[in-house]
Amino acid sequence: MEYVIKTDRLTKRFGDFTATNEITFEVEKGEIFGFLGANGAGKTTAMRMLCGLSIPSSGTATVAGFDVYKQTEEIKRNIGYMSQRFSLYEDLTVQENIRFFGGIYGLSNREIKTKSEDLLEQLELKNEAKKLVASLPLGWKQKLSFSVAVLHQPKIVFLDEPTGGVDPVTRRQFWDLIYEASAKGITIFVTTHYMDEAEYCNRISIMVDGKIEALDTPANLKSQFKASSMDQVFYHLARGAKRSD
Amino acid sequence: MEQFINFVKKEFAHVWRDKKTLLILFGMPVIQILIFGFALTNEVKNSEIIVMDQAKDQASQQISSRIAASRYFDIQNSVMNNKQMEAAFKKGKIKMAIVFPAGFNEALLHQRKAQIQILADASDPNTASMLTNYVSSIIQDYQNSIDKAAAIPYLIVPEVRMLYNPQLKGAHNFVPGVMALVLMLVCVMMTAISIVKEKETGTMEILLVSPFSPLLVILSKAVPYLFLSLINVASILLLSVYVLDLPVNGSVALLFVESTLFIITCLSLGIFISVKTDSQQMAMLISLMGMFLPTVLFSGFMFPIENMPYPLQLISNLVPAKWFYLIVKSIMIKGLGFSAIWKETLILGGITLGLLVVSLKSFKIRLA
Amino acid sequence: MSSAFAIEVNELRKTYGKEQLVAVDDVSFHVNKGELFGLIGPDGAGKTSIFRMLTTLLLPEKGTAKIDGYDVVADYKQIRKTIGYMPGRFSLYPDLTIEENLRFFATVFGTTIAQNYHLIEDIYVQIQPFKNRRAGKLSGGMKQKLALCCALIHKPTVLFLDEPTTGVDPVSRKEFWEMLKRLKAQDITILVSTPYMDEATLCDRIALIQNGKILSINTPQNMIQQYPEQLYAIKADQMYELIKALRKYPEVMDCYAFGEYAHVSFNGSFEDNKLKTYLKAEGLTQIEIKPVPPTIEDYFIKLLKN
């Protein structure tokens, strides 16, 4: 089995506060991996380390085969990243955003041209290509933002609460995009507060107070905790949390 | 009233808990006083002077016409007695006076030695020393020209007196300037930022959706800065008296009253900026570019206003700091009373009232 | 002034900017006294604009709205005395402690903590152990509790909560809704907005809102009953393959993922065995098909697609 992410007792401390405490897990190629946890459980810190934005205090981890201590530049070239907050430039047009983000990931102008045509076709945004991103509805922005994050065909894409506040229809269209990317072999690493979305993941981990308390497929987790829904599993685990952000 | 007091208390808590800002707030006057301790040199043109010619003889008139021909000087109507001269100095109408004693030519011809009295307003020490140097060299030139024809050399002794600031202390000039600057910074920028901050964090929404009057919100935000600014005025004065050995010649109480007036001017400006902007960065930028720069440029303490082109001189009249600077100079250095500065005070008061009305009127009781 | 309704909204309209983007499009609804009413819709649906007009922060372009019989434009001063408001973002002073924040908001509304302590007691005891901690250092859940206390401290007749649970984890969300239920018992009318469909069933009545328009107003139970078709939940070993296969199946009217199942509705008759055979032929295993009652989210999706 090919692992795209592999961590071993990965830890991050800020002073005497241990934000992420010895987390160990693997994510397979093409897997949709749900990374859940209550506010302040340490998800963001863990994700920053995996994206090469923050050096761990101890433990080891490789992302796309690169070491998170020494090869952060290589990691950044092989991942895509999208969050609810920092997605696209609102004051640039759809086309300009695609061109810009394609450019920073080193795509040639020809590649950008063909890929952006495909992308606009797929998202049915052809007529909006020259419009400012600010004028698009939130759901469209998020879909566009995801497509831009995988434009350079990264090995793995990190999604930080990508569907927060999006309407239920667009949310599902968004997950269609995720499934498609996963079918193409792109690994998906996603956080969410929607528990129904946790069900769409191949496997999920639930973090509580800096530690991974549970990690399995949704079905196995439900039977393990004798719960009828992921909501209950989450509630069962996170209820005892001592800290939050 | 209890509401208001509680509100003000809360504002003090904000200021007190933000140690970095607090440090800037109180460190700034000290640092600025030290920085501006190195006075700056500027060229002076067309300075108003008077010539009091009690001799009215050939030599005195020849020297006078040489001075009049210089581009540095602009001779005003001559006055004949000391009282008139003193009045002209105090009103700031003249920078220098040259006095030829009676029998100047006679003394020069018979005793080969004569005196000229040069009096300069040294509350602006740079200008004063430059002007006296120019006059001395003109006199020197004249002396050399008559020497050529004579066997025994003539000697004209210029007796220079620096008025108001005999040691030519630069501090005299920059202390009022720093005061204007610091008050401007503290009041305008801090008030604007603290109000805009409430907009940014969303607390303004809650305050608006409360029975508390929006005007009181604004006023109670201004109170702590009025208080802090008065502390700054006090600390600047203490620094100048005990560190720079610069006494306050006039009434300290009057100085504080005038400072309070200027602080209110600045607070109204700060409120106006906060009404018109929605982000802290924007408020800061506007405060710096729109308020700080004109204060430095147009208040007259770094660049003499009389050297500026006429349109800029007109603009300088709109800068409140200019009037405050004149007031502080008059009180601190010249030791003048209210009767000498009522005009400036009136102008400053007018500007303040205008700003206050405009900013309170444009304050919105809703979000948009 | 007395009125039968706590909130009365008539053809309220708001547009923004030069392009006249319509944020609120002739919205009308009313909220009964003591009711817990939910505005349910995604971000950008116009919820916040409606809240701001009702809390007198924005002027409506057209239409009228009354709170306790007072007009939001003409009687704004009166309204500001009686309502409580918790805006969408965290809006307390981060540099003041829990207690200082609460005391400050109490005085702003001309009251004291002691006077209405009974209203907030339930919630306040949970954060009281940290009362000397600065609000900026609190957890998301605790901030939310403090904000609610601050909005309640003057005993408002109507409480406006704009997306109080956005970005909050499921555990804290659950706790928050339990607090709201207890407040309802104190005769406070509550208007709450949320993008989370699963919270809709916790309201007495809800309005589903999208693109500035109200799509439907009813009790959650009635909405569910109004759902026109029988809904089936279908499961297989691979969700995405399942959905793709179902969408190709001619009798399928609509199909979308819903947690571990796909929710499917059919045109006309539906034969369990025929579908199972088809799905097996598509390479799927562990197939499970069962009828399910629709949820508010199903209803919302239905409305959006029409």
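Please read all numbers here as calculations on a predicted model, not as lab measurements.

Considering the overall build of chain A
No. 1: Along its length, chain A carries nine helices and ten strands.
No. 2: On the principal axes, the C-alpha backbone points of chain A span a range of 50 × 40 × 35 Å.
No. 3: In chain A, which comprises 245 residues, the proportion classed as buried is 56%.
No. 4: Taking as baseline every contact in chain A between residues at least 6 positions apart, the subset at least 24 positions apart corresponds to 68%.
No. 5: Split by element, the accessible area of chain A, about 10,800 Å² in all, is 47% carbon and sulfur.

Focus on the sheet that holds strand E3 (residues 32-37) of chain A
Residues and elements named next belong to chain A.
No. 1: Within the open sheet, the six strands sit side by side as E6-E7-E8-E3-E9-E10. Their pairing is mixed. Two strands lie at the open edges of the sheet, namely strand E6 (79-83) and strand E10 (211-216), each paired on one side alone. Going from strand to strand, the sheet's axes swing by 15° on average, the running direction of each strand aside.
No. 2: The pairing of strand E9 (residues 203-208) with E10 spans five bridges and is antiparallel. Each residue of the ladder has a partner; that of methionine 207, found in E10, is isoleucine 212.
No. 3: Here helix H5 (residues 138-149) sits on the sheet and contacts E6, strand E7 (156-160) and strand E8 (187-191); the angle it forms with E6, its principal contact strand, is near 165°.
No. 4: Relative to E9, helix H9 (residues 230-238) is tilted by about 25°, and along the sheet it contacts E3, E9 and E10.

Here's the deal with the sheet that holds strand E11 (residues 231-235) of chain C
Residues and elements named next belong to chain C.
No. 1: Taken in spatial order, the four strands of this open sheet run E12-E13-E11-E14, and their pairing is antiparallel. Each edge of the open sheet carries a strand with a single partner, namely strand E12 (252-258) and strand E14 (288-292). For this sheet the average axis-to-axis angle between neighbouring strands, irrespective of direction, equals 25°.
No. 2: Here three bridges tie E11 to strand E13 (residues 261-266), and the two strands are oriented antiparallel to one another. In the sheet register, tyrosine 232 faces E13, and the bridge partner there is valine 264.
No. 3: Taken strand by strand, helix H8 (residues 239-248) contacts E11, E12 and E13, and its axis lies near 170° from that of E12.

Some thoughts on the environment of glutamate 48 of chain B
No. 1: One can find glutamate 48 of chain B in strand E1 (residues 47-53).
No. 2: Once residues lying within four places of it in the same chain are set aside, the contact partners of glutamate 48 of chain B are Asp74, Gln76, Lys93, Ile94, Lys95 and Met96 of chain B.

A short note on the interface of chain C and chain B
No. 1: Between chain C and chain B, the residue contacts involve 30 residues of the former and 27 residues of the latter.
No. 2: For the pair chain C and chain B, the summed buried area comes to about 2,700 Å², and 61% of that belongs to carbon and sulfur atoms.
No. 3: The largest contributions to the chain C side of the interface with chain B come from Leu57, Arg80 and Tyr93 of chain C, which together make up 23% of the buried area.
No. 4: Run the count over chain C and chain B and you get two salt bridges.
No. 5: Scanning the region where chain C abuts chain B turns up eight residue pairs in polar contact (both at pLDDT 80 or more).
No. 6: Listed by contribution, the elements that provide at least two residues to the side of chain C that touches chain B are helix H2 (76-82), strand E6 (83-86) and helix H3 (98-108) of chain C.
No. 7: In terms of residue count, H3 of chain C provides more of the side of chain C that touches chain B than any other element does, five residues in total.
No. 8: Class assignment of the residues belonging to the side of chain C that touches chain B gives a composition of 17 nonpolar, six polar and seven charged.

Here's the deal with the side chain of asparagine 105 of chain B
Residue and element names in this part refer to chain B.
No. 1: If you trace the backbone, asparagine 105 turns up in helix H5 (residues 104-111).
No. 2: Given a relative accessible area of 14%, asparagine 105 falls into the buried group.
No. 3: Those residues in contact with asparagine 105 that lie beyond four places of it in its chain are Asp57, Gln58 and Ala59.

Details of the interface of chain A and chain C
How big an interface is tends to be stated in terms of the accessible area lost upon association of its parts.
No. 1: Counting from both sides, the interface comprises 29 residues of chain A and, opposite them, 29 residues of chain C.
No. 2: Summed over both partners, the interface of chain A with chain C buries about 2,500 Å², with 59% contributed by carbon and sulfur atoms.
No. 3: The interface formed by chain A and chain C includes four salt bridges.
No. 4: Between arginine 171 of chain A and glutamate 297 of chain C there is a salt bridge, with the nearest N and O atoms lying 2.8 Å from each other.
No. 5: If you look at where chain A meets chain C, you find nine residue pairs in polar contact (both at pLDDT 80 or more).
No. 6: Among the secondary structure elements, those contributing two or more residues to the side of chain A that touches chain C are helix H6 (168-183), helix H7 (195-199) and H9 of chain A.

Remarks on the pairing of strand E4 (residues 62-67) of chain C
Residue and element names in this part refer to chain C.
No. 1: Pairing of strand E1 (residues 5-16) with E4, which is carried by five bridges, proceeds in the antiparallel orientation. Looking at E4, one finds that arginine 13 is bridged to lysine 62.
No. 2: Strand direction decides the pairing type here: E4 and strand E5 (residues 70-71), joined by two bridges, are antiparallel. In the sheet register, isoleucine 67 faces E5, and the bridge partner there is tyrosine 70.
No. 3: Counted between consecutive antiparallel strands, the loop separating E4 from E5 contains two residues, among which aspartate 68 sits at a positive phi close to 50°.

Description of unusual backbone geometry
All names here are of chain C.
No. 1: Positive phi, close to 50°, is recorded for aspartate 68, a residue that is not glycine.
No. 2: With respect to the element layout, aspartate 68 can be found in the loop between E4 and E5.
No. 3: Exposure remark for aspartate 68: the relative accessible area of 13% places this residue in the buried category.
No. 4: Backbone geometry places glutamate 163, a non-glycine residue, at a positive phi of 45°.
No. 5: With respect to the element layout, glutamate 163 can be found in the loop between strand E7 (158-161) and helix H6 (170-184).

Topic: the environment of lysine 77 of chain C
No. 1: Among the secondary structure elements, lysine 77 of chain C is positioned in helix H2.
No. 2: Separated by 168 residues in sequence, lysine 77 of chain C and alanine 245 of chain C place their C-alpha atoms 60 Å apart.

A closer look at the packing of helix H1 (residues 2-17) of chain B against helix H9 (residues 214-242) of chain B
Residues and elements named next belong to chain B.
No. 1: With their axes 9 Å apart at the nearest point, H1 and H9 run at an angle of 50° to one another. One way to sum up the angle between H1 and H9 is to call them oblique. Helix-helix and strand crossings are classified by hand; for H1 and H9 the assignment is right-handed. Only Leu216, Val217, Leu219, Ser220, Lys221, Val223, Pro224, Tyr225, Phe227 and Leu228 of H9 make contact with H1, whose side of the interface consists of Phe4, Phe7, Val8, Lys10, Glu11, Phe12 and Val15.
No. 2: When the residues that make up the contact of H1 with H9 are grouped by side-chain class, the tally is 13 nonpolar, one polar and three charged.

Some remarks on the domain arrangement of chain A
Residue and element names in this part refer to chain A.
No. 1: Domains assigned within chain A are domain 1 (1-78 + 155-245) and domain 2 (88-153).
No. 2: On a C-alpha basis, the centres of domain 1 and domain 2 stand 26 Å from each other.
No. 3: Listed by partner, the interface residues are 19 residues for domain 1 and 14 residues for domain 2.
No. 4: Both faces combined, the contact of domain 1 with domain 2 buries some 1,200 Å², and carbon together with sulfur accounts for 70% of it.
No. 5: It is Phe174, Leu177 and Ile186 in domain 1 that bury the most area against domain 2; as a group they hold 35% of the surface buried on that side.
No. 6: Across the domain 1-domain 2 interface, the total number found is zero salt bridges.
No. 7: Contributions of two or more residues to the side of domain 1 that touches domain 2 are made by helix H2 (72-78), E7 and H6.
No. 8: Ranked by the residues each element gives to the side of domain 1 that touches domain 2, the list is headed by H6, at seven residues.
No. 9: Residues belonging to the side of domain 1 that touches domain 2 are distributed by class as follows: ten nonpolar, four polar and five charged.

About the thresholds
Residues numbered from 1 in each chain as written. Chains lettered and ligands numbered in written order. Predicted model: local features only at pLDDT ≥ 70, side-chain atom pairs only at ≥ 80, totals over all residues. Heavy atoms only, no water. Helix = DSSP H or I, 4+ residues; strand = E, 2+ residues; numbered from the N terminus. Buried < 20%, exposed > 50% of the residue type's maximum accessible area, 1.4 Å probe, protein only. Contact = heavy atoms within 4.5 Å. Areas by Shrake-Rupley, 256 points an atom, 1.4 Å probe, with all protein chains shown as cover. Pairing = 2+ DSSP bridges. Axes fitted to C-alpha atoms, helices over the stretch in contact; angles between N-to-C directions. Buried area = accessible area lost by both parts, 1.4 Å probe. Salt bridge = Lys/Arg side-chain N within 4 Å of Asp/Glu carboxyl O. Polar contact = N/O pair within 3.5 Å; in protein donor to acceptor, adjacent residues only side chain to side chain. Nonpolar A, V, L, I, M, F, W, Y, C, P; charged D, E, K, R; others polar. Parallel < 35°, antiparallel > 145°, perpendicular 65-115°, else oblique. Left-handed = near helix turned anticlockwise from the far one by under 90°. Domains from an automatic or database assignment.

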